[in-house]
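# A structural walkthrough
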Amino acid sequence: MKINRFEDIDAWKESRKLVNSVYEAINHSPRFNKDFRLTNQIQGAAVSVMSNIAEGFSRRSNKEFIQFLFISKSSAAEVQSQIYVALDQNYITQDVFDKIYNQAELISKMESGFIKYLYSQFKKPKKSK
């Protein structure tokens, strides 16, 4: 399948689910919702996962796209770390924690695979005309 738009990228589709899960967790927990510092941080990190995939794709350069995918992976790890805080403060249940943590992990693995693929494109000989 050819990727013509960032919306075609599976990791972007999964990151959209991550964003929705984070917002849902915050909106369903009055205590979580009132922790403005944590909610701003985790929302920003989740949105960053999604945004960096889109921004990297728009650069039209595999080298730059790889750089943005690494930033996105870092933001996914940030979500994973912050969701521990929400769990430890009893803002969320273990099930909600697992859903968000595992979704971030899935995206990170997808991005690693995509990065490997993009790196492999550097090594391919260019077709001569």
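In this report, we go over the structure that sits alongside the text. (Residues numbered from 1 in each chain as written. Predicted model: local features only at pLDDT ≥ 70, side-chain atom pairs only at ≥ 80, totals over all residues. Heavy atoms only, no water.)

Now for the environment of Glu105. Relative to the elements of secondary structure, Glu105 occurs in helix H5 (residues 94–123). Remark: the alpha-carbon pair of Glu105 and Ala45, spanning 60 residues in sequence, is separated by 14 Å. (Helix = DSSP H or I, 4+ residues; strand = E, 2+ residues; numbered from the N terminus.)

A few words now on the packing of helix H3 (residues 36–58) against helix H4 (residues 62–88). Across the interface, H3 lies against H4 with an axial gap of 8 Å and an inter-helix angle of 160°. In terms of axis orientation, H3 runs roughly antiparallel to H4. Seen from above, H3 lies across H4 with left-handed handedness. (Axes fitted to C-alpha atoms, helices over the stretch in contact; angles between N-to-C directions. Parallel < 35°, antiparallel > 145°, perpendicular 65-115°, else oblique. Left-handed = near helix turned anticlockwise from the far one by under 90°.)

Scanning all chains against the criterion turns up five salt bridges. The shortest N-O distance in the salt bridge between Arg59 and Glu55 comes to 3.1 Å. Residue class for Arg59 comes out partly exposed when judged on its relative accessible area of 35%. Accessibility expressed as a relative area gives 35% for Glu55, which makes it partly exposed. Arg59 serves as the salt-bridge partner of Glu64, at 2.9 Å between the closest nitrogen and oxygen. Put simply, Glu55, Arg59 and Glu64 are held in one network by salt bridges that share partners. (Salt bridge = Lys/Arg side-chain N within 4 Å of Asp/Glu carboxyl O. Buried < 20%, exposed > 50% of the residue type's maximum accessible area, 1.4 Å probe, protein only.)

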